[in-house]
Structure formats: structure tokens, C-alpha cells
Amino acid sequence: MSLFPEEQLDSPVGYFTGQPGQTLENGTWSIMRKVGWGPRSSSWLAIDTDDPDEIEVIKIFTVSATQEPSAKEELKLLRNTIKTQIGSGALDFVDHFYEESPKGKHLCMVIRPLGSSIEALRLSDPESGGTLPLYAVQKVICDILSPLCELDGLKIVHGAITPDNFLFESVGAAKDIMEDLAPFPCAPVEQITGKDGKVYPVIISQPMPHRAKWNDTREVFADETIVLSNFGHARRANGIVSLDAAPNLLPPEALLGGKVDTKTNIWMLACTAYFLLTGTPLFSLSYAESPVEKLAETLSTLEDGLVANDKLSPKDIALTASFLRLCLALDPCERPTAFELYNNKWVQGGATCSCGWCAAD
């Protein structure tokens, strides 16, 4: 069992050890709080020491991740492609720098602050068993398809189209960020001795607060904007590509050594839509052993799985199953492009405004 509540600071991968008030990039940034962490990095909200009107998130990679080719590829992708060629719907890359620590050198990416994730919203419902209303899922899928259309044109496979990488757009002005944070004091720093005998300052993550609630009405949820984040798994679709996503999220061609292209984005989006509606993965872990056979079995019983969400009407279930089957075609050529899917009737159920009159039937 780990001694640490979140990332293992005594791990040989070399996590960055930070705390509020600590400065980065030769005093340019001052850490305000930790907002998240993952297997390759931790993320920190920081304020520009010379410009209090600039508050950004700094994603600090582990020493090991900094040395991986994938980190350099992610940086190149964000700096040269995502930043310049995707207009909206994806995280906003600002800058990067390198920071030295006792563990070694860390790649640091400066990005615009975003809110909490759709996964956090899904888990916030104490009663539904981890499901979201149909209109919320349609809105999420509709918003995420916007950057996927851009990735299609760039021939980029995102590789991690999952609810924890769908983030709410946050307020941008420093004044508004400070107002949103005011009701939530920074978590205290605790001193913990690691297995290596060293004492580490430990602080719990506090994701950027967001006003969205799991039971918001269609009209309220329609005003939200969902952004696609985490391009650390992205690959250029140039033939046989190795993806490091969970096997039960990958299409058969990716598991069987075939050519992988942006239709993988569509496959993963369908898996995520099903997960958000039912609270359970579309495919079990055994799917990877015989993906073609398991796909046929799953598609034949899609409606049975969707019944788990008792808020779906028979008409909703039929339309949703039709949408999923379209995205989960065995032959990638038969799956729609992101642009084609954006105009799908089921997806357009999420493209409503807050007036309430534009909602789909």
C-alpha cells in the first residue's frame, strides 16, 4: 500500500515535489495549489509573479516521462499543430519550459485553466449508479466531435477519448478564477516520509471548481462547453500505429495489427457514450482476446445494455443503439468521419441552445 494519497513521490519515475508558494521557471511562476495528477505528471495552478492577471495551469512531467519520446511528440503536437490549427474545443497550449528538481529535469507545459471532468460529474451522482442523462451525453459527444473534426483533417488519432479527458471550459480571467477559488481554501501541506527515508511535502489535488451538476436540466447543461484534453497519447495516423489505450477501448484493427486511422477516434467515442449512459464499459477485458467475435456478440445485445439506464425511453434506446452500431462498424471504412457524425440526428440532440425550444424531439 502506498504511503502517499496520490502520486508516489518516492517512486523512481521522479514526480515533481511542489507546494503553494514555490516558484518555477526562475521565479516566473508561483504555485497556488495542485489541481490534478496522473501516471506521467502532476498539474499545478500558478500565477505569474510579474502579472497577477495571468493564472495558468502548469503540467509538470515526471523525470521518466520527460525522457520519453512521447513527451517530445506531445509537445511538438501541442505547440505546432493543436495551438495553430485547431480553433476551439481543445486545450489551449500557452508555453513550455524545463524545471530542475532533486529528482532531475521535468518538462513543464503551461496551459489555460480548465474545469473538472465529465468523469467527475458522472461520479458525483449518488443515486444513478454513475450514469448521465441522455441529453447530457449527447451534448458531450457533440462538443467533442468539434475538435475531432479538426483532428480528422490533420490525420491525428487522439488515443484517449475517455470521460476523464473531457473537461468543462473554465473562466479565463484571473479575477474570476480567484472568485471561484475563494470558497475552497487551499488544501494543507502534510509531511510524509517515503520508503527512501526522505520527507516529502504532500498536498491533495483540488480540481478547478465547476458549477455543473449531474442533475442539471437540458437547458442549463446546454450552456456548458466541453473541451478535449490530454494529447499525450496522440499519434499521427500514418499506417500501423501503436496505441497505449486500454485494450477494451480499441477497435479490432488496432488489436490485430491492422492499419489505424482517425476512425479509431469514432470507435472510442462510441465506447465512451455507452459508458456515460450505462455506467459500465461496453466491452469487458476479455474482448481483446477475440475482438471480432466479441464485437458481434456485443452489437447483438446493445439494447439490453442500454436498458440499465432506466431514464431512457424505448425510442431513446433504439436511436442510441443505431448511433452506436454506426460508430462500431467492424470495417473502419464503414464508420462515419467526425464531420459526418456531427450531423447525425442522435448527436444533434445535444446541439441545443439554452432557450429550450431548440431541443430535439
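The coordinates are above.
Everything quoted here is computed from the prediction, not taken from an experiment.

Peer 1: Looking at this structure, I do not really get the environment of L269. What am I missing?
Peer 2: The topology assignment puts L269 in helix 8 (residues 263–278). What makes L269 buried here is its relative accessible area of 1%. As for L269 and L249, which are separated by 20 residues in sequence, their C-alpha atoms are 9.2 Å apart. The residues touching L269, leaving out its near neighbours within four places in the chain, are I141, I144, L145, L148, I161, F166 and L341.

Peer 1: What is the right way to look at the packing of aromatic side chains in this model?
Peer 2: The way to describe two aromatic rings as a pair is by their centre distance and the angle between their planes. Evaluation of the coordinates by the stated rule reveals 6 aromatic pairs. Put simply, the rings of W267, F283 and Y287 touch in pairs and so form one group of aromatic residues.

Peer 1: It is not clear to me how the sheet that holds strand 9 (residues 166–169) should be interpreted in this structure. Could you clarify?
Peer 2: Note on sheets: strands pair through backbone hydrogen bonds, and any given pair is parallel or antiparallel. On the basis of which strands lie adjacent, the open sheet formed by 3 strands has the order 7-9-12 and antiparallel pairing. Unpaired on one side and paired on the other, strand 7 (114–117) and strand 12 (226–228) mark the two borders of the sheet. The mean angle between the axes of side-by-side strands here comes to 45°, regardless of whether they run parallel or antiparallel. In terms of strand pairing, strand 9 meets strand 12 through 3 bridges, oriented antiparallel. Bridging from a neighbouring strand, L167 pairs with V227 of strand 12. Helix 4 (residues 134–154) contacts strand 9 and strand 12 of the sheet and is inclined by roughly 35° relative to strand 12.

Peer 1: I keep staring at the sheet that holds strand 3 (residues 41–48) and nothing clicks. Help me out?
Peer 2: Taken in spatial order, the 6 strands line up as 1-2-3-4-6-5 in an open sheet, and their pairing is antiparallel. Two strands close off the open sheet at either side, each with one partner strand: strand 1 (23–24) and strand 5 (93–101).

Peer 1: Help me understand the packing of helix 4 against helix 8 in this model?
Peer 2: To describe two helices that pack against each other, one gives the angle between their axes and the distance between the axes. Their axes nearest at 10 Å, the elements helix 4 and helix 8 cross at an angle of 165°. Comparing the axis directions of helix 4 and helix 8 gives the class roughly antiparallel. Seen from above, helix 4 lies across helix 8 with right-handed handedness. For the pair formed by helix 4 and helix 8, the contact residues are L134, V137, V140, I141, I144, L145, L148 and L151 on the first element and N265, I266, L269, A273, L276 and L277 on the second. Broken down by class, the residue content of the contact of helix 4 with helix 8 amounts to 13 nonpolar, 1 polar and no charged.

Peer 1: How should the pattern of salt bridges be read in this particular structure?
Peer 2: Two side chains with opposite charge may pair up if their charged atoms get near one another. Summed over the entire model, instances satisfying the criterion amount to 14 salt bridges. Where R40 meets E74, a salt bridge forms, and the shortest distance between an N and an O atom there is 3.7 Å. Here the residue R40 occupies a position in the loop between strand 2 (29–37) and strand 3, and E74 occupies one in helix 2 (residues 69–85), the gap between them amounting to 34 residues. Each of the two residues, R40 as well as E74, counts as buried. For R235, the salt bridge identified is with D244, shortest N-O distance 3.7 Å. Overall, R235 belongs to the partly exposed group, its relative accessible area being 22%. Residue classification places D244 among the partly exposed residues on the basis of a relative accessible area of 44%. Each member of the salt-bridge network shares a partner with another, and the members are R40, K59, E68 and E74.

Rules used throughout
Residues numbered from 1 in each chain as written. Predicted model: local features only at pLDDT ≥ 70, side-chain atom pairs only at ≥ 80, totals over all residues. Heavy atoms only, no water. Helix = DSSP H or I, 4+ residues; strand = E, 2+ residues; numbered from the N terminus. Buried < 20%, exposed > 50% of the residue type's maximum accessible area, 1.4 Å probe, protein only. Contact = heavy atoms within 4.5 Å. Phe/Tyr/Trp six-rings, centres within 6.5 Å; stacked < 30°, edge-to-face > 60°. Pairing = 2+ DSSP bridges. Axes fitted to C-alpha atoms, helices over the stretch in contact; angles between N-to-C directions. Parallel < 35°, antiparallel > 145°, perpendicular 65-115°, else oblique. Left-handed = near helix turned anticlockwise from the far one by under 90°. Nonpolar A, V, L, I, M, F, W, Y, C, P; charged D, E, K, R; others polar. Salt bridge = Lys/Arg side-chain N within 4 Å of Asp/Glu carboxyl O.

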